[in-house]
Amino acid sequence: MKSKNSEPLFHIVKRKSMPMKNQMLVRLLAIAAAVIVCAIVTVITTGMNPLSVFVAVFEGAFGSARKIWITLQDTAILLIIALALTPAFNMKFWNIGGEGQVLIGGLGAAACMIELGDKIPDPLLVLLMFISSVGLGALWGAIPALFKAKWNTNETLATLMMNYIAIQIVAFFTIYWEVPKGSGKIGIINQTTNAGWLMQVGNKYMLTIIISVLVMVGTYIYLKYTKHGYEVSVVGESEMTARYAGIRSGVVIVRTMIISGALCGLVGLLLVGGIHHTITTTIAGGQGFTAVMVSWLAQFQPFAMAGAAFLIIFLSHGAAEISTSCGLNQSFGDIITGIILFFIIGCEFFIRYQLVFRSGAHVQMEITNVQTEVSDEQTEVTDTKLGVTTAQTEDSNGKEEANQ
Amino acid sequence: MIDLVAFIPRAVGQSIPLLFGCTGEIITEKSGNLNLGIPGVMYVGGICGVIGAFAYEQATRNGEMVGVLAIGIPLLCSLLGSLLMGLLYCFLTVTLRANQNVTGLAMTTFGVGFGNFFGGSLIKLSGSDVPTIALSRTSAYFSKSLPFASNLGWFGKLFLSYGFLAYIAFIVAIYAGFALKKTRMGLHLRAVGENPATADAAGISVTAYKYIATCVGCMIAGLGGLYYVMDYASGIWSNDAFGDRGWLAIALVIFCIWKPGIGIIASILFGGLYIIYLYIPAGMDHMELKELYKVIPYVVTLIVLVVTSMRNKRDAQPPASLGLPYFREER
């Protein structure tokens, strides 16, 4: 810093760590701020009064027993996709191909239902559907992973292209199987015989929800308590370290993506065999992308993901209700989701960094309160010895990183 | 055999949005920002142009349109819309150091939603009584080609039959290639993308370069959306019609190894691949094969991705700090 210029008003210092309670508080404040902005946007575009906007949002998500179940079911679907992507993200493999993996899994299930329905006993058919959708999903995840492991091909774009390849293959089969000819869609498969429809537990929504809970617990255990999970996080942290530790990162990448893809394929099975009983190119509905953000919002923690998925579904159902009642376009939900995401993405900054103001006093963001301040006091000497203060803060940061 | 004189102009028409997106993303990536929000930015660029043009057409419903305003208003609206998206991305990733992938995806969700929402609701929101958004009068200004082009036979058709935005796309790409390689500004920008700490030590403002490069990149990409609606689609906005071109543009960046000049050829090639399914005979009772042919551009992109990573040449690598936030005090 030049001596003749005064110091900038504030500079940014990395935080050591923030207590979990404060982290949650920051995120809640961000969500609250986002909701206010969303409400303002809604009021401007629709002319509704703010109170009725909130009423409409709750109406959309919880207006009737059926709506509550659908909200829960959609949350479950989004949750499974987000969980599926998480192991890959833990090793810094940006799998944005969830969309394609779900679709191709759905295609596997639909193919069995259409080609084998009524020809073989139902339990066998469901088993075959399971194998084909999970298998195809796994294959769709494994292809970009192989490229990544072997030649370090950019996985973001490779998985993205796999999405479009899946979409076109489904489009091909949609016309190939179309009923009636020339309609361009398949319609409900096996409507009279219900062959290959997944069994119902309690009501038609429960099965998906139960599976999502099982997958959530399973992912948690897999990532936290198994050797595989450990290897995944080592590869994510540093491939060099993994190599020194004798972990073959290529194998880990492919294996993890097979699991990731297989779980997405399972979602395809649930969507086709359990929920819609048909297949279209839009059956995944962009959730492969939304799930990326859900997983990240939850900081890759399986249980927090349920909350994040619920938040997103709740808001999009609410926005859908508003747009229907005002005769507006359904994409209103995407705008609302986008705004919420921007706020949450932005608030992470205040969790990881703090602003140190010129006066030398460490002015905290209101929310971080006493706890962090106490630990910082050690580095604070006096107001006059400003240079020393900053140097020490930086130094302790450096040390801390070295310790990690 | 394909009629090349008919095929090439269509391929070029398809290629322009890709070229805008690709050039914009190259400039952005050269600063070390991997902006996955480009598909959203292109939607916003397109719809903002539409909103501007719609307002102007409504205002002059009974009068004459002035050419300068008919082009200027949508153009400015489009640039402004994509500039705001660029600023948002920079604020989140550069100032607040957020994860670039997540920010980009959120921008795409938001941008595509923004485009489709206003595309679907503009008429209702503005309270006008037209059935669809058909900006044919504005579009006529945008797609006007040189008056003597049609007299020049195949030459005119191949080279002179496009609206002015198409030529801007080529000029911008060529200039961007030149600026990146030959000017001091370009050198600084590349330094920021390769190693921001070194650039910072050399007195280059990393933040300023990242902001400017990303915002300029977004504005260029937004023009791709504007071209698509106003010229290619003759001023008719239909939801999701722009499709996945934004993603293809990002893939093209790797295909042309971060060189806008190669981007021109690559985008024309991809423009051709995008419509080649129309030229492959499928027969009347096998319409499903057409759907399968549409897969070609994506498969080719995937193959190209794999092949470029296999070759792994030194001059074909992404900027070294691509995707990483820069924090001066990080060591």
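The sections below set out a description of the structure shown in this document. (Residues numbered from 1 in each chain as written. Chains lettered and ligands numbered in written order. Predicted model: local features only at pLDDT ≥ 70, side-chain atom pairs only at ≥ 80, totals over all residues.)

## Observations concerning the overall build of chain A
As a reminder of what qualifies: What counts as a helix is a DSSP run of H or I of at least four residues, what counts as a strand is a run of E of at least two, and both are numbered from the N terminus. Remark: C-beta atoms are placed from the backbone, and a residue is labelled buried if 20 or more other C-beta atoms sit within 10 Å of its own, exposed if 12 or fewer do, or partly exposed between those counts. Contact definition: two residues whose C-beta atoms, as placed from backbone geometry, lie within 7 Å.
For chain A, the helix and strand inventory stands at 15 helices and 2 strands. Counting over 404 residues, chain A shows a buried share of 47%. Restricting to contacts in chain A with at least 6 residues of sequence separation, those with at least 24 account for 76%.

## A closer look at the packing of helix α1 (residues 4-30) of chain B against helix α11 (residues 245-255) of chain B
Residues and elements named next belong to chain B. Short version of the rule: Only the stretch in contact is used when fitting a helix axis, every axis being a line fitted to C-alpha atoms; angles between N-to-C directions are given from 0 to 180 degrees. The scheme is simple: roughly parallel for angles under 35 degrees, roughly antiparallel for over 145, roughly perpendicular for 65 to 115, oblique for anything else. Crossings are assigned a handedness: left-handed for a near helix turned anticlockwise from the far helix by less than a right angle, right-handed for a clockwise turn.
Interaxial distance between α1 and α11 falls to 8 Å at its minimum, and their mutual angle equals 55 degrees. Taken together, the axis directions place α1 and α11 in an arrangement best described as oblique. For the pair α1 and α11, the sense of crossing is right-handed. Counted together, P17, L18, G21, C22, E25, I26 and E29 of α1 and R245, G246, L248, A249, I250, L252 and V253 of α11 form the full contact between these two elements.

## Topic: the packing of helix α11 (residues 287-297) of chain A against helix α4 (residues 100-126) of chain B
Helix packing for two helices is described by the angle between their axes and how far apart those axes are. Remark: α11 of chain A packs on α4 of chain B, axes separated minimally by 10 Å, with the N-to-C direction vectors making an angle of 135 degrees. Between α11 of chain A and α4 of chain B, the crossing angle belongs to the class labelled oblique. Every pair of crossing elements has a handedness; the one defined by α11 of chain A and α4 of chain B is left-handed. Counted together, F289, V292, M293 and W296 of chain A of α11 of chain A and V102, L105, A106 and T109 of chain B of α4 of chain B form the full contact between these two elements.

## Regarding the interface of chain B and chain A
Rule in force here: Three categories are distinguished: nonpolar for Ala, Val, Leu, Ile, Met, Phe, Trp, Tyr, Cys and Pro, charged for Asp, Glu, Lys and Arg, and polar for the others, with Gly belonging to the last.
On the chain A side, the residues contacting the 43 residues of chain B number 42 residues. If you list the elements that add at least two residues to the side of chain B that touches chain A, you get α3 (67-95), α4, α11, α13 (287-293) and α14 (296-311) of chain B. Among the elements that line the side of chain B that touches chain A, the one with the most residues is α4 of chain B, at 16 residues. Its residues placed into classes, the side of chain B that touches chain A shows 25 nonpolar, 10 polar and 8 charged.

## Observations concerning the environment of M91 of chain A
All names here are of chain A. Looking at the secondary structure, you find M91 in the loop between α3 (65-90) and α4 (98-116). Sequence separation between M91 and S249 is 158 residues; the distance between their C-alpha atoms is 9.6 Å. Ignoring any residue separated from it by four or fewer positions in sequence, one finds M91 in contact with V232, V235, G236, V252, I253 and T256.

## Details of α1 of chain B
Defined as follows: Consider a residue and the seven residues that end there alongside the seven that start there; fitting an axis to each set, the bend is the angle between those axes.
The sharpest bend along α1 of chain B measures roughly 35 degrees and falls at S15 of chain B, with the proline P17 of chain B sitting one to four residues further on. G32 of chain B occupies a position one or two residues after α1 of chain B and carries a positive phi of about 95 degrees.

## Thoughts on the nonpolar core
Within soluble globular proteins, side chains that are nonpolar tend to cluster in buried spots. Selection criterion: Note on terminology: a nonpolar core is any set of buried Ala, Val, Leu, Ile, Met, Phe, Trp, Tyr and Cys residues joined through C-beta atoms within 7 Å.
By size, the foremost hydrophobic cluster in this structure holds 216 residues, and its most contacted members are I80, I81 and V294 of chain A together with L252 of chain B. Considering every element that reaches this core, the biggest residue donor is helix α10 (residues 206-232) of chain B, with 17 residues. Residues contacting V294 of chain A, with those up to four places away along its chain left out, are L78, A82, M305, A308, A309 and I312 of chain A.

## Some thoughts on the pairing of strand β2 (residues 353-357) of chain A
Residues and elements named next belong to chain A. The test is simple: Here, any two strands with at least 2 DSSP bridges between them count as paired.
Burial along β2 is one-sided: Q354 and V356 are buried, and none of Y353, L355 and F357, which face the opposite way, are. Of the pairings in the sheet, the one linking strand β1 (residues 10-14) to β2 comprises 5 bridges and is antiparallel in character. Each bridged residue has a counterpart across the sheet, and for K14 the counterpart in β2 is Y353.

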